[in-house]
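Chain and residue survey
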Amino acid sequence: MIKEANQYLVMQCIQAFEPVTLEEIAEKTLLSRPTILEIINSFKEEGIVVNGGFRESTGGRPPQLLCINGDSAYAIGIDFEFPTIRIALANAKREIVGRRKILFKIDTQAKEVLARMLRELEHLLEEFSSVRPRIVGTGVGICGTIRKTEGRSLHITRIRGWEHVELQRILQEKFHLPVYVNNDVHLLALVEKKKYMREDNSDFVYIGIRSGIGSAYMYQNKLMDGVQGNAGYIGHTVLNAEGPMCVCGNRGCLDAYAGELALNRRYQELTNSENESYYTMRDFMKLSRNGDAVSQKILKDAAFYLGITISNLIKILEPKMVLIASCEPLKGTTYWNIMEETIKKYHINEMETRLELREAQLLEDDYALGACCYVFEYLFETPRLSLAIL
């Protein structure tokens, strides 16, 4: 157990700070130099770690730099949002080498959604057949409710017939790879943390504005998953028990005011339109910029209710930072300004929290990278010890 824990800690350190020297690893992990050297040598024998040149010398022999060998391992990542599904193949350096993007009609049945996703995965694996032996697993970040320990998607309200889908079993039987299932927004927060945030940004709430709205809470560099992976399911927190009907069957959920399905429904109602086109957040923002009064109204309302929800989260969790993620840049827009003003209006001044509201940096093209990173977390099974990189 201790050896596995040390291996995991050294690997995390190299991934976070590469190129890095042995001395720097010792400083950050507090492990002994002989222990680190033994682990590094084993990594080199397996081809996981390679030399990356030398650090400039300050006197004496220049220290050797260590890097991850990107070609040593690959992972498949699936960002299952619906009506968009994104698939990626990434190497061990968290670089995406292959992508697929599937756009569905909103009324597509569950069987067709699953079948098409499997076909696209097959095509991706065929295209990159040369690295197939080095693919170490498949990660799935999926919307809706899940049972993480079983790798099961329990329910996605916006897909007809999607009930108790055993994703882990289906994917493992089809492709003979380990499969790891988690909430979609949790995995976006994971890759945002690993790719764009400093190590000392250890506590934050991540809000994902997608076809539905979800959240993740990172506390002391650990994702708070909940019992089965459904923590942060804010899209179906009730803001008004007598509000508009939500697809989940309740009234007044956040998603019924601010999710893409609700925005589409309200747009059709207010324009008396029978147009069956599905508009994304990006589409509504573009319409708003172009002077469409209906889009402007529904986005203002959505921003207000999202601000209320974030204000409530701040009272419950008291985070240092809130990150807002969307496929469309929001900062500086009317949407952002209303959301921010609402958060401040309903904030409790006595809490004196120095809250930082920031726009997430992860781009839509990299959304599936979160699921890839989730696989690499299992390259060495995360030990049941409390470890930290200093």
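That block above? That's the structure.
One numbering rule holds for all chains: residues counted from 1, following each sequence as written. Reporting of local features is limited, given that this is a predicted model, to residues whose pLDDT is at least 70; pairs of side-chain atoms are given and counted only at 80 or more, and all residues count toward the totals for whole chains, interfaces and linings. Computation of side-chain values: all heavy atoms of the structure, hydrogens and water removed.

1. Regarding the overall build of the chain
Stated formally: By the criteria applied, helices consist of DSSP H or I runs no shorter than four residues and strands consist of E runs no shorter than two, each listed in order from the N terminus. Radius of gyration means the value over C-alpha atoms here, while the globule rule gives 2.2 Å times the residue count to the 0.38 power. Residue contacts follow a heavy-atom distance rule, with two residues in contact if any of their heavy atoms lie within 4.5 Å.
The number of helices and strands found in the chain is 12 helices and 16 strands. The C-alpha radius of gyration computed for the chain amounts to 22 Å, which stays within 12% of the reference 21 Å derived for 390 residues, consistent with globular compactness. Along the first, second and third principal axes, the C-alpha set of the chain runs to 75 × 55 × 40 Å. Summarising the internal contacts of the chain: among those between residues at least 6 apart in sequence, 62% fall at separations of at least 24.

2. Things to note about the side chain of Asn 91
Put simply, the rule is: Pairs of N or O atoms within 3.5 Å make up the polar contacts considered here, provided that, within protein, one atom can donate a hydrogen while the other can accept it, and that residues adjacent in sequence are counted only when both atoms are side-chain atoms.
Along the chain, Asn 91 falls in strand 5 (residues 84-91). A distance of 3.0 Å separates the side chain of Asn 91 from the backbone nitrogen of Lys 93, its partner in a polar contact.

3. A few points about the nonpolar core
What counts here: Here, nonpolar core means buried Ala, Val, Leu, Ile, Met, Phe, Trp, Tyr and Cys residues that are tied together by side-chain atoms lying within 4.5 Å of each other. Exposed residues in this analysis have more than 50% of their type's maximum accessible area, buried residues have under 20%, and partly exposed residues fall in between, with area computed by a 1.4 Å probe over protein chains only.
One finds Val 10, Ile 14, Ile 25, Ile 40, Phe 43, Phe 204 and Tyr 206 to be the most contacted residues of the largest nonpolar core, which totals 51 residues. With seven residues, the top contributor of residues to this core is helix 12 (residues 369-376). Each residue touching Val 10, except ones within four places of it in the same chain, is listed here: Ile 25, Leu 31, Ile 39, Ile 40 and Phe 43. Ranked by size, the runner-up nonpolar core spans 36 residues in total, among them Ile 78, Met 117, Val 140 and Trp 162.

4. Comments concerning helix 2 (residues 22-29)
Definition in use: It is the directions from the helix axis to the C-beta atoms that the arc portrays.
Those residues of helix 2 that fall on the buried side of the exposure criterion are Leu 22, Ile 25, Ala 26 and Thr 29. One face of helix 2 carries all of its buried residues, which in axial projection span an arc of 100°. Its buried side turned inward, helix 2 meets helix 1 (2-17), strand 1 (20-21), helix 3 (33-46) and strand 3 (64-68). Leu 30 occupies a position one or two residues after helix 2 and carries a positive phi of about 65°.

5. What about the packing of aromatic side chains?
The following threshold applies: Two rings from Phe, Tyr or Trp (for Trp, the six-membered ring) form a pair when their centres sit within 6.5 Å of each other. Planes less than 30 degrees apart are called stacked, planes more than 60 degrees apart edge-to-face, and all others tilted. In this analysis the charged atom, NZ for Lys or CZ for Arg, is taken to sit over a ring once it is within 6 Å of the ring centre and within 35 degrees of the ring normal.
Under the defined criterion, the tally for this structure stands at 11 aromatic pairs. With 5.7 Å between their ring centres and 65° between their planes, Tyr 267 and Phe 284 make a pair best called edge-to-face. With a gap of 17 residues between them, Tyr 267 in helix 8 (residues 260-271) and Phe 284 in helix 9 (residues 281-289) connect regions that are remote in the sequence. Like Phe 284, Tyr 267 is buried. Among the aromatic side chains, those forming a connected cluster through ring pairs are Tyr 180, Tyr 374 and Tyr 378. Between Lys 28 and the ring centre of Phe 17, over which it is positioned, the NZ or CZ distance is 4.1 Å. Across from the ring centre of Phe 104, 5.4 Å away, lies the NZ or CZ of Arg 116, which sits over that ring.

6. Re empty space enclosed by the protein
The test is simple: In this analysis a 1.4 Å probe is tested at points of a 1 Å grid over the protein atoms alone, and where it fits but cannot get out there is a cavity; an open set with protein on both sides within 12 Å along at least five of seven lines is a pocket; lining residues have an atom within 4 Å of a point. Grid points are joined across faces, edges and corners, and a volume is the space filled by probe spheres set on the points. Three classes are used, and their members are as follows: Ala, Val, Leu, Ile, Met, Phe, Trp, Tyr, Cys and Pro are nonpolar, Asp, Glu, Lys and Arg are charged, and the others, Gly among them, are polar.
Here the structure, examined in full by the defined rule, presents one cavity of 30 Å³ or more. Counted as a void, the largest cavity has a volume near 190 Å³. As for the largest cavity, its lining consists of 18 residues, of which Cys 143, Gly 144, Gly 212, Ile 213 and Tyr 233 are closest to the centre. Elements that contribute at least two residues to the lining of the largest cavity include exactly helix 6 (184-196) and strand 13 (213-219). Looking at the lining of the largest cavity, the element that brings in the most residues is strand 13, giving three residues. Considered class by class, the residues forming the lining of the largest cavity number four nonpolar, nine polar and five charged.

7. Some details on unusual backbone geometry
Here the amide bond leading from Glu 18 into Pro 19 is cis, since omega sits at -5°, within 30 degrees of zero. With respect to the helices and strands, Pro 19 occurs in the loop between helix 1 and strand 1. A cis amide bond links Phe 82 to the next residue, Pro 83, at an omega of 15°. Relative to the helices and strands, Pro 83 resides in the loop between strand 4 (74-80) and strand 5. Here Asn 272, not a glycine, exhibits a phi torsion of approximately 55°, which is positive. Tracing the sequence through the fold places Asn 272 in the loop between helix 8 and helix 9. Overall, Asn 272 belongs to the exposed group, its relative accessible area being 70%. For Glu 318, which is not a glycine, the phi torsion comes out positive at approximately 50°. Looking at the element boundaries, Glu 318 is found in the loop between helix 10 (293-317) and strand 15 (321-326).

8. Remarks on the sheet that holds strand 7 (residues 135-142)
Rules: By this definition, two strands are paired if DSSP reports at least two bridges between them. Here the axes come from fitting lines to C-alpha atoms, over the contacting stretch only for helices, and the angles between their N-to-C directions go from 0 to 180 degrees.
The strand order across the open sheet built from five strands is 6-5-4-7-11, with neighbouring strands paired in mixed fashion. A single partner strand is all that each edge strand has here, and the edge strands are strand 6 (96-103) and strand 11 (179-183). Strand-to-strand twist in this sheet, taken as the mean axis angle between neighbours without regard to direction, amounts to 15°. Taken together, the seven bridges between strand 5 and strand 6 define a ladder with antiparallel strand orientation. Counterpart to Ile 85 in the pairing with strand 6 is Ile 102. Helix 6 contacts strand 4, strand 7 and strand 11 of the sheet and is inclined by roughly 100° relative to strand 11. The sheet strands contacting helix 12 are strand 4, strand 5, strand 6, strand 7 and strand 11, and the helix crosses strand 4 at an angle near 135°.

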